[in-house]
Each structure stands twice: as structure tokens, then as C-alpha cells.
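Given next are the chains, with one letter for each unit.
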Amino acid sequence: MFVTVVYMITDEGRMKGLAFLYDMDGYWVEIVKRNDPGKIPNYFNFSQTMLRIKDPSKSIPFYEAFGMKVVRQKNYGDFSNFFLASSSNVDTSIDYSSLSDVEAKAKLSNMFGPILELTHNHGTEKNDEFKHYNGNEEGRTGFGHIGFLVDDVYKACDSIRDMGYGFRKEPDSGGMKGLAFVLDPDGYSIEIIKRGGIEFGDKKEEG
């Protein structure tokens, strides 16, 4: 039997017209209305994942390096949300930074591909001791990672290495060869996986 527990109904809190549900493991699942209900035929489509970040001046460039673009940002006073989309999901004819919040929200709500939502609580970037749990710490395991598809894992990792970002797992380390895990500025794991399917045991060609 499938049972869903409501965390917040649509008219509670500051953000009206959306809801949060608990899944079976206690993760929050956000339910948001589309701007144009007839544009996307799926009754449900996976729309976005939210990560809490310490410093947007570090996190946003990291994800932009993965081909993402900020398509909307909203300041709520004590925190801000940044919504990023992959290049394949972005209309290149639009200057998203010039849109009003209403216009940006409307564009965002009709995107089919998943959006990465980064939430920044103001002031955390100034606290050297502050950090978010990333879901992979001993005794706090839960959230695992998000992933990016690439044509060549090794070339992608060379580019990531050149930008100075660290790895949780290099492509040829561990039992699963041919895929990698990068650490973002908050320590979240980002999987780098070959488009078309993993080839375990894949090795980097020399020369």
C-alpha cells in the first residue's frame, strides 16, 4: 500500500500554491503547478533537485562549468534560490537575466528537463566553520549524488581536474572503472558517467 504524508499544504507558509510531501524514506518531494498544463503531456515529470549551498559565488561557477545556466534567481530576504538548467534545456535566444521574475518563473515551469535548484541561506558564506551535510558522511548517509552524462569520462575528468576541482573517485579507481565522482564546493558527490551506458572496466587509451 502506497501512503504519502503531507509536510506542507499549498496555502501554508510564504510560498503559496505548492506543496511538500514525504516519501517512504522521509525525503521531501515538492509538487509544483506547471505554467501551461497542456504543453507537457506527462501527468508527473521529474522537474528539479534542490541542494543547499554555502556560497553561490563558488557553487554557481562550478555548475556553469558543467554547461548549466542560471535561468531564474529569487531573493526571499534571508535566503535566495538559484535555478539552473542544462544547455539542452535552455532557449539560447533568451537573455534570462533580463526577464522579470514572473517571466522567468513562467519559462522555468514549462521546461521538461530537470532543473538544479541551489538554496543559499544568507551569511553562511562568511562563516568559516559552516558546512552542509552531503548525505555520505558516516552515520548520516542518505542523499547520494546527482549525475552528468558525458561522451568521454576521461576527457571530462581532465577538464575538471584542470579547473582545480577535487575527486571522490577517479575514473580508474575502485571496482567500477570508467566512471567518476567529483566533489562540488559543498562536498556533494557529482557522478560523471558515460552517455549511452557504463562500460565497467573501461580504461583510458594512451597516446
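Residues numbered from 1 in each chain as written. Predicted model: local features only at pLDDT ≥ 70, side-chain atom pairs only at ≥ 80, totals over all residues. Heavy atoms only, no water.

Peer 1: Is there a simple way to explain the layout of surface pockets in this structure?
Peer 2: Regions of empty space are outlined by a rolling probe, equal in size to a water molecule, passed over the atoms. Here the second largest pocket is characterised by a volume of approximately 670 Å³. Lining the second largest pocket are 24 residues, and of these Phe66, Ser86, Gly147, Phe148 and Leu149 sit closest to its centre. Mapped by element, the contributors of at least two residues to the lining of the second largest pocket are β7 (115-121), β8 (145-150) and α3 (153-162). Sort the elements by how many residues they give to the lining of the second largest pocket and β8 lands first, with five residues. For the lining of the second largest pocket, a count of residues per class yields 14 nonpolar, nine polar and one charged. (1 Å grid on protein atoms, 1.4 Å probe; cavity = no way out; pocket = protein on both sides within 12 Å on 5 of 7 lines; lining within 4 Å. Points joined across faces, edges and corners; volume = space filled by probe spheres on them. Helix = DSSP H or I, 4+ residues; strand = E, 2+ residues; numbered from the N terminus. Nonpolar A, V, L, I, M, F, W, Y, C, P; charged D, E, K, R; others polar.)

Peer 1: Please explain the sheet that holds β8 as it appears in this structure.
Peer 2: The pairing of strands in a sheet happens through backbone hydrogen bonds and is either parallel or antiparallel. The four strands lie next to each other as β8-β11-β10-β9, forming an open sheet whose pairing is mixed. Two strands close off the open sheet at either side, each with one partner strand: β8 and β9 (167-169). Between one strand and the next, the sheet's axes are offset by a mean angle of 30°, whatever the strand orientation. Relative to strand β10 (residues 180-183), β9 is paired through two bridges, and the arrangement is antiparallel. Following the sheet pairing, Phe167 is matched in β10 by Val182. (Pairing = 2+ DSSP bridges. Axes fitted to C-alpha atoms, helices over the stretch in contact; angles between N-to-C directions.)

Peer 1: Would you take a moment to explain the sheet that holds strand β5 (residues 68-75) for this structure?
Peer 2: Judged by pairing direction, the sheet is mixed, and its four strands sit side by side in the order β4-β7-β6-β5 without closing on themselves. A single partner strand is all that each edge strand has here, and the edge strands are β4 (48-53) and β5. Averaged over all pairs of adjacent strands, the angle between strand axes in this sheet comes to 25°, irrespective of strand direction. Lying on the sheet, helix α1 (residues 56-64) is in contact with β4, β5, β6 (79-86) and β7; it crosses β7 at an angle near 170°. Its contacts with the sheet put helix α2 (residues 101-109) on β5, β6 and β7, and the angle it makes with β5 is roughly 130°. (Contact = heavy atoms within 4.5 Å.)

Peer 1: For this particular structure, what's the right way to read the confidence of the model for the protein chain?
Peer 2: Should the pLDDT be low somewhere, the predicted coordinates at that spot are not to be read in detail. Averaged over every residue, the pLDDT of the protein chain is 86; residues scoring 70 or more account for 86%. Element-level mean pLDDT values for the protein chain span from 52 in strand β1 (residues 5-8) up to 97 in β7. (pLDDT = per-residue confidence, 0-100.)

Peer 1: I tried to follow the packing of aromatic side chains on my own but got confused; where do I start?
Peer 2: Describing an aromatic ring pair means giving the distance of the ring centres and the angle of the ring planes. For the coordinates displayed, the defined rule picks out seven aromatic pairs. Ring geometry for Phe62 against Tyr63: centres 4.8 Å apart, planes inclined by 80°, an arrangement best described as edge-to-face. This pair shows no difference in class: Phe62 is buried, exactly as Tyr63 is. Judged by centre distance (6.1 Å) and plane angle (90°), the ring pair of Phe143 and Tyr188 falls under edge-to-face. Pair noted here: Phe143 is in the loop between β7 and β8 and Tyr188 is in the loop between β10 and β11 (189-194), with a separation of 45 residues, a long-range link. Look at Tyr188 and you get buried, because its relative accessible area is 6%. (Phe/Tyr/Trp six-rings, centres within 6.5 Å; stacked < 30°, edge-to-face > 60°. Buried < 20%, exposed > 50% of the residue type's maximum accessible area, 1.4 Å probe, protein only.)

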